[in-house]
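What the coordinates show
Take a look at the letters that make up each chain.
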There are 6 protein chains.
Amino acid sequence: MMSRFIIFGFLLATCSIAFALDPSPLQDFCVADPNSPGKDYISQHMVLFAIFIDVHIHKKVSIFVYAVFVNGVVCKDANLVQADDFLFRGLHLMGNTSNDVGSNVTAVNVASLPGLNTLGISMARIDFAPGGINPPHTHPRASEVLTVIEGRLLAGFVTSNPENRFITKVLVKGDVFAFPQGLIHFQKNIGKGYAIAIAGLSSQNPGVITIANAVFGSNPNTAGDVLAKAFQVDIKVVHQIQSKF
Amino acid sequence: MMSRFIIFGFLLATCSIAFALDPSPLQDFCVADPNSPGKDYISQHMVLFAIFIDVHIHKKVSIFVYAVFVNGVVCKDANLVQADDFLFRGLHLMGNTSNDVGSNVTAVNVASLPGLNTLGISMARIDFAPGGINPPHTHPRASEVLTVIEGRLLAGFVTSNPENRFITKVLVKGDVFAFPQGLIHFQKNIGKGYAIAIAGLSSQNPGVITIANAVFGSNPNTAGDVLAKAFQVDIKVVHQIQSKF
Amino acid sequence: MMSRFIIFGFLLATCSIAFALDPSPLQDFCVADPNSPGKDYISQHMVLFAIFIDVHIHKKVSIFVYAVFVNGVVCKDANLVQADDFLFRGLHLMGNTSNDVGSNVTAVNVASLPGLNTLGISMARIDFAPGGINPPHTHPRASEVLTVIEGRLLAGFVTSNPENRFITKVLVKGDVFAFPQGLIHFQKNIGKGYAIAIAGLSSQNPGVITIANAVFGSNPNTAGDVLAKAFQVDIKVVHQIQSKF
Amino acid sequence: MMSRFIIFGFLLATCSIAFALDPSPLQDFCVADPNSPGKDYISQHMVLFAIFIDVHIHKKVSIFVYAVFVNGVVCKDANLVQADDFLFRGLHLMGNTSNDVGSNVTAVNVASLPGLNTLGISMARIDFAPGGINPPHTHPRASEVLTVIEGRLLAGFVTSNPENRFITKVLVKGDVFAFPQGLIHFQKNIGKGYAIAIAGLSSQNPGVITIANAVFGSNPNTAGDVLAKAFQVDIKVVHQIQSKF
Amino acid sequence: MMSRFIIFGFLLATCSIAFALDPSPLQDFCVADPNSPGKDYISQHMVLFAIFIDVHIHKKVSIFVYAVFVNGVVCKDANLVQADDFLFRGLHLMGNTSNDVGSNVTAVNVASLPGLNTLGISMARIDFAPGGINPPHTHPRASEVLTVIEGRLLAGFVTSNPENRFITKVLVKGDVFAFPQGLIHFQKNIGKGYAIAIAGLSSQNPGVITIANAVFGSNPNTAGDVLAKAFQVDIKVVHQIQSKF
Amino acid sequence: MMSRFIIFGFLLATCSIAFALDPSPLQDFCVADPNSPGKDYISQHMVLFAIFIDVHIHKKVSIFVYAVFVNGVVCKDANLVQADDFLFRGLHLMGNTSNDVGSNVTAVNVASLPGLNTLGISMARIDFAPGGINPPHTHPRASEVLTVIEGRLLAGFVTSNPENRFITKVLVKGDVFAFPQGLIHFQKNIGKGYAIAIAGLSSQNPGVITIANAVFGSNPNTAGDVLAKAFQVDIKVVHQIQSKF
């Protein structure tokens, strides 16, 4: 009975965890905590505790996922922060581009580099197989600046005002191109070999909405008749496209 | 006579300068100036001036567009501001929904209600014909809250994290629904008659990106092979869709 | 004794709850949690727990209110969010206007529509009995845009610079009027019947300060001599007014 | 000679353009320009120009007010900025308190210290005659922190949530008190002699709304019946109070 | 064994504490909580609890420091807030200037005046012994406005653009001087007696980086060869300077 | 002929007016204008105009610098914007590192890539000769994330709280490191060959303050006795260091 107590009490205790992040830093740094629910996994403490109970009371413990969510992620004790908290390794490694679009994005944001928490900046490496594309997408919370490290890219974005103007450029090694916040943009590898780009984004958590997947691959599916009317195609075409996602 | 010229011209010059807008007001109000380049039309002052010269010197004047652009729009002299500057009339009037999507948006933003300049708020009325849709779109600079005044709507938006989750609801008269900033959302009239909704948006210039038009109706067209790969359809389908826009 | 333990321990645990909200969203959405202390009520978990102990230990439990407060409110687990979290029902219903001022405000803000949390927008319906007023007030954290759905209103606000200028307008059905942030404003129903208005506000928690109540109805009362000197009336008049609130 | 005119005119035109201010600095500093319309007076340049023309052409010049308005004020050329642009002199001097309320505010904001432009901070000295009050007012764009240099003050503010709670304190020399943004607050000299306070405000242009003057001293007057109902007094009392302002 | 349980469980519970602060207030006020980890000390609650266990179970309890850190500090229950939460006492008292630089800063920020939390403003008193300096430093999160209460100061700051321009002024009683955000600035007492200044800063937690200490007094020391090259001095000089800090 | 003059002149005048920039975009984009005073050079338009007059009227024209300054930079007409406005070329080229510190920064900010205006993001390439350093500096308006493209770097920054803690790391190819806003940081090439890094910064105009140059190389010099006391060295050492800058 005591153990039910403690588990129950603990369950409540864990319900009381909460975190905070702010777009502008309110101190020198605020390193994201590895136990942050922002990472959606079971608190190591809790697993330890569950095992602890298991061993000592010999009672089954239904594993419960600890999850409290807020606007951002929690920080570590500034006194426990290490240089490694500001470090991400391996951006020189090529991403796996053997997929439908032939590209891969390695994101270095608050989820992979905790020290970026509250700093309003993140980075990404994009690899392109020959002919590969980084499909049309938007970042709801960031503008982007991208430089070509290797290869030849066709890059473009569409403006909302002037309405639906397509601004595009062929980029070669050493070129830097800007993509304004919230606008639909893409890149395509038009060179013979692989291409590599490095991007800076104006948020530690820029977010990404890949248009085709959001519109035709949502779960559950967006009503077909709405998409048929919006894209002015037969509903069969909509279902055909939806079946691919 | 020349001096009247220069004084008059100079007076106009000083009257036709354009200024900046800020997301947070730095004074009580900053009413958008009718001559703001934000509205992209020929300065009345300058046309008057051209005519003035025409009349007095009997010389042809090539009409020139006065256009200066800034991050926002210019304000009027606070002492010349009238109550009418804070007023927009006619939101009770039904919009014309006889179009491909069967809906119409009447936007009350800084372009139509100058007093909203710098206030970070705008409003819209959406009319729906039976079966009409407000097609999937995003507002790059605003969240939205919408209430149904008349009729029955299917509303929904797609989240980016959790990835591509479709959140949808049937809304009836008196329902209020929220659409988070930057996410793709839509409404459809699923009632028998016309439907009316009123929305509040968290910016005086929220912007709108209608997905289908931005992707398939851009000018010039986005490369067909990019869209074919992104939407995983045959390029013929892409061209077919593009031909509609 | 064990139970005192657990209750005490639990009391402390609950003291450790905290939440976060941010004016600009740092993820797609951050739906306010029904257990948020922002709503000032006893945590359901805690009540359950108190009862649980009561039943099992047969000890009296002094009910304690769980309250930890921060700058905003906590969010739900994004994976548990439902469409209903973005929904408020009943804005078509008339509010009860049988009160001293003859008006009623139905606020749709983060407290009543959790999905508005972090979105920087809210909505309100204002009902007016014939002759009813929405008395002079300010919103410390929002500008307002208001449209008349039914009836005839006299609306106005007072500017601080130019000093104390009164900007006023008679509004009829379909009119939209803007009230700049922080300025004192009001509306009065000058029509024969009831009047209805719908407002958008540029914050999920705009706040409201009704001037007369704040000045003459504060608790405890603001020193009478201060108000007498400020309003340049006899202190008897101040006490007379204070007695009404 | 005409060309000198035009060049001179243009030189002035280009010198007398007005610009924008931003809540967060986008460069080291952005010193307010003496010709900024924020100061609402005739451009010295333009007057010079008018006189120049007057003298040379012997034509009457209708004086025109140069007024261009923006969200904030214009900056000087950074290369012309002098140390004096960051300096205000005389805050040690007592203000004249022989007025209805027996107090005087010496404001050091962007209007009197140009270097504060874009810095988000300002200062004020408040002098109180014995029994004098700094009447109930709000700052729409700033919070305030105030320290007593000399004397004994009763200070207070009223909260909006909890509703209309009056928070008050007697302050003596060396006390520092905080007044949250947008809330109605006041101070009263309850000492025998004169009192002095120095305040910091979180904006270069905090603004001030003196409640009594805004409500009863607006121009034109706010409708008496609205105030009578709001303050629950006879309309005669309203007119009596209005007559004082 | 039970007690180990509870202590362990409690330890976990305390690990789950987190707080939030926001640069712009989202309610009237958000008074910093005395138990905020921002103050880095052991939770009184936890000490009480440890003692409680000690007494009742007669088991040693290793004292553990309660520390969870976020972007800002937690608030008190608004209903428990007292006027004293907005009060700091003793700014009229002289600070102890018998130190290497001959000055003392008494800071009134969120750490010493909890009511300043979220208000974006703080204050400081600086005392100078004859010849004392407030050495070159920057505030990473605030601009500063300073007024001389007593004495004669040499004040200055260095701009980054135009590059490394030194802007300086001799300040006497009643002078107010502005220091733009992020720029290196200092003051020196050039009068015969002690000097006093009062400053306002545009953040409740402005932060301070004293250049000499940060560069030559860091822990561990910054590599000497880096500083030697940066300051273009012999490494011996660097070590000599480092030895002083 | 005069009228062509005046029209032409006005056309130019209206084309060469400068406007404001805002940290958050208020439209899709706001491309910096080549005539922006942010670039501090003579308006080509105005020079053309002066020459034009010179030629036609045969009058000497005193060259005048066109310089208007604002909080940010002016934008181009959105309709004249070209893809090239979002493009910077040559970031693959090595910078010249033959200087005192053996490093070179190629900055891609609003000054070199106009399309970054208002987007809140910029990029930089840093080249290091063997043993070269990017000396201790701060960015008053940005955090930084840096990745090593080639070579081996020692990177570090000093925190203000905990006070003067030195956080340092050896970075190899593919490592990404974060430098929080406003903190003093540096990098040193500790490899055998040249090193290359690419950085993202959270502002289109981050600014840079090189500590040694700002403190010892200011113009005019900061008073030697102040620096002697601050750095606790003999004034001779200060003068010796100052002589190097």
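Given the structure is predicted, the values throughout are model-derived calculations rather than measurements. (Residues numbered from 1 in each chain as written. Chains lettered and ligands numbered in written order. Predicted model: local features only at pLDDT ≥ 70, side-chain atom pairs only at ≥ 80, totals over all residues. Heavy atoms only, no water.)

Some points on the pairing of strand E9 (residues 184-189) of chain C
Residue and element names in this part refer to chain C. With respect to burial, E9 is a largely interior element, six of its six residues being buried. The alternating pattern of E9 places Ile-184, Phe-186 and Lys-188 on one face and His-185, Gln-187 and Asn-189 on the opposite face, and all of these are buried. Bridge count for strand E4 (residues 133-138) against E9 is three bridges, and the pairing is antiparallel. Note on E9: the bridge partner recorded for His-137 is His-185. Judged from the six bridges that link them, strand E6 (residues 152-158) and E9 form a sheet pairing that is antiparallel. If you follow Phe-157 over to E9, its bridge partner there is His-185. (Buried < 20%, exposed > 50% of the residue type's maximum accessible area, 1.4 Å probe, protein only. Helix = DSSP H or I, 4+ residues; strand = E, 2+ residues; numbered from the N terminus. Pairing = 2+ DSSP bridges.)

Describing helix H4 (residues 224-231) of chain E
Among the eight residues in H4 of chain E, six count as buried, and that is most of the element. Within H4 of chain E, the full set of buried residues consists of Gly-224, Val-226, Leu-227, Ala-228, Ala-230 and Phe-231 of chain E. Contacts made by the buried residues of H4 of chain E are with helix H3 (211-216) and helix H5 (235-244) of chain E together with strand E4 (133-138), strand E9 (184-189), helix H3 (211-216) and helix H5 (235-244) of chain F. Following H4 of chain E by one or two positions, Gln-232 of chain E has its phi on the positive side, about 50 degrees. (Contact = heavy atoms within 4.5 Å.)

Side note on the relation of the copies chain F and chain E
You can overlay chain F on chain E at an RMSD of 0.0 Å; the transform is a turn of 180 degrees with a shift of 0.0 Å along its axis. Overall, the copies show the geometry of a two-fold rotation axis. (Least-squares fit on C-alpha atoms with pLDDT ≥ 70 in both.)

Things to note about the relation of the copies chain D and chain E
Each copy superposes on the other: chain D lies on chain E with an RMSD of 0.0 Å after a rotation of 180 degrees and an axial shift of 0.0 Å. Comparing interface residues between copies, 100% of those in chain D also sit at the interface in chain E, which points to an isologous, same-surface contact.

A short note on the confidence of the model for chain A
All names here are of chain A. Taken residue by residue, chain A gives an average pLDDT of 77. The fraction at 70 or more is 69%. Across residues 1-23, confidence stays below pLDDT 50; counting only partners more than four residues off in sequence or on other chains, it has 95 contacts. Low confidence marks residues 35-70, where pLDDT is under 50. Its contacts with residues over four positions away, or in another chain, come to 80 contacts. Interface scoring of the predicted complex returns ipTM 0.77; its pTM is 0.79. (pLDDT = per-residue confidence, 0-100.)

Quick look at the interface of chain D and chain E
The interface of chain D with chain E comprises 55 residues on the first partner and 55 residues on the second. In this assembly, chain D packs against chain E so that about 4100 Å² is buried in total across both faces, 66% of it on carbon and sulfur atoms. At the junction of chain D with chain E, the criterion picks out four salt bridges. The shortest N-O distance in the salt bridge between Asp-84 of chain E and Lys-169 of chain D comes to 2.4 Å. Along the contact surface separating chain D from chain E lie 19 residue pairs in polar contact (both at pLDDT 80 or more). Elements with a contribution of two residues or more to the side of chain D that touches chain E: strand E1 (87-88), strand E3 (122-128), strand E5 (144-150), strand E7 (166-172), strand E8 (176-179) and strand E10 (195-201) of chain D. Ranked by residue count, the leading element in the side of chain D that touches chain E is E7 of chain D, at six residues. (Buried area = accessible area lost by both parts, 1.4 Å probe. Salt bridge = Lys/Arg side-chain N within 4 Å of Asp/Glu carboxyl O. Polar contact = N/O pair within 3.5 Å; in protein donor to acceptor, adjacent residues only side chain to side chain.)

Describing the environment of Thr-118 of chain F
Residue and element names in this part refer to chain F. Along the chain, Thr-118 turns up in the loop between strand E2 (103-108) and strand E3 (122-128). Judged by its relative accessible area of 0%, Thr-118 falls in the buried class. In sequence terms Thr-118 and Lys-192 are 74 residues apart; their C-alpha atoms lie 40 Å from each other.

Considering unusual backbone geometry
Residue Pro-220 of chain D is bonded to the preceding Asn-219 of chain D through a cis peptide linkage, with omega at 0 degrees. Relative to the assigned elements, Pro-220 of chain D resides in the loop between helix H3 (211-216) and helix H4 (224-231). Phi angles above zero are rare outside glycine, and Gln-232 of chain B is one such case at about 50 degrees. Relative to the elements of secondary structure, Gln-232 of chain B occurs in the loop between helix H4 (224-231) and helix H5 (235-244). Backbone geometry at Asn-164 of chain E places phi at a positive 55 degrees, although glycine is not the residue there.

Looking at the interface of chain F and chain E
Each partner contributes residues to the interface: chain F has 46 residues there, and chain E has 46 residues. Both faces considered, chain F and chain E share a buried interface measuring about 4000 Å² in area, 66% of it formed by carbon and sulfur atoms. Three residues stand out in chain F for area buried against chain E, namely Lys-229, Phe-231 and Gln-232 of chain F, and they jointly supply 15% of the buried area on that side. We note a salt bridge from Asp-225 of chain F to Lys-188 of chain E, for which the minimum N-O separation is 2.2 Å. Seen at the junction of chain F and chain E, the total is 10 residue pairs in polar contact (both at pLDDT 80 or more). For the side of chain F that touches chain E, the elements supplying multiple residues, two or more each, are E4, strand E6 (152-158), E9, H3, helix H4 (224-231) and H5 of chain F.

With respect to the sheet that holds strand E4 (residues 133-138) of chain D
If you walk across this open sheet you meet the five strands as E7-E6-E9-E4-E11 (chain D), and the pairing is antiparallel. This sheet does not close on itself; its edge strands, each paired only once, are E7 and strand E11 (209-210) of chain D. In the packing of helix H4 (residues 224-231) of chain C onto the sheet, the strands contacted are E4 and strand E9 (184-189) of chain D, and the crossing angle to E4 of chain D comes to about 80 degrees. (Axes fitted to C-alpha atoms, helices over the stretch in contact; angles between N-to-C directions.)

Notes on the packing of aromatic side chains
With the rule as written, the count across this model stands at 48 aromatic pairs over all chains. Between Phe-231 of chain A and Phe-216 of chain B, the ring centres sit 5.7 Å apart and the planes meet at 85 degrees, which makes this aromatic pair edge-to-face. In this pair, Phe-231 of chain A sits in helix H4 (residues 224-231) while Phe-216 of chain B sits in helix H3 (residues 211-216), so the two residues belong to two different chains. Neither residue differs from the other here; Phe-231 of chain A and Phe-216 of chain B are each classed as buried. Ring centres of Phe-157 of chain E and Phe-177 of chain E lie 6.2 Å apart, and the angle between their planes is 45 degrees; on these two criteria the pair is classed as tilted. Of this pair, Phe-157 of chain E sits in strand E6 (residues 152-158) while Phe-177 of chain E sits in strand E8 (residues 176-179), and the two are 20 residues apart along the sequence. An identical accessibility class is assigned to Phe-157 of chain E and Phe-177 of chain E; each is buried. One aromatic cluster is present, formed by Phe-86 of chain A together with Phe-157, Phe-177 and Phe-179 of chain F through successive ring pairs. (Phe/Tyr/Trp six-rings, centres within 6.5 Å; stacked < 30°, edge-to-face > 60°.)

What about the UniProt feature "binding site: Mn(2+)" (unreviewed entry) in chain A?
Residues and elements named next belong to chain A. In this structure's numbering, the residues bearing the UniProt feature "binding site: Mn(2+)" (unreviewed entry) are His-137, His-139, Glu-144 and His-185. The greatest C-alpha distance among the annotated residues, which extend across 49 residues, is 11.9 Å, indicating that they converge on a single site. With respect to the helices and strands, His-139 occurs in the loop between strand E4 (133-138) and strand E5 (144-150). Ignoring any residue separated from it by four or fewer positions in sequence, one finds His-139 in contact with Glu-144, Gln-181, Gly-182, His-185, Leu-201, Pro-206, Gly-207 and Val-208. Of note is the side chain of His-139, whose polar atom sits 3.0 Å from the side chain of Glu-144. Note on placement: His-185 falls in strand E9 (residues 184-189). (UniProt positions renumbered as here; feature names shortened; annotations may be inferred.)

Notes on the sheet that holds strand E11 (residues 209-210) of chain F
Read from one edge of the open sheet, five strands run E7-E6-E9-E4-E11 (chain F), paired in antiparallel fashion. Sheet topology places strand E7 (166-172) and E11 of chain F at the edges, where each strand pairs with a single neighbour. As judged from the seven bridges shared by E6 of chain F and E7 of chain F, these two strands associate in the antiparallel manner. Its bridge partner lying in E7 of chain F, Leu-153 of chain F is registered against Leu-171 of chain F. Relative to the sheet, H4 of chain E contacts E4 and E9 of chain F, its axis offset from that of E4 of chain F by approximately 80 degrees.

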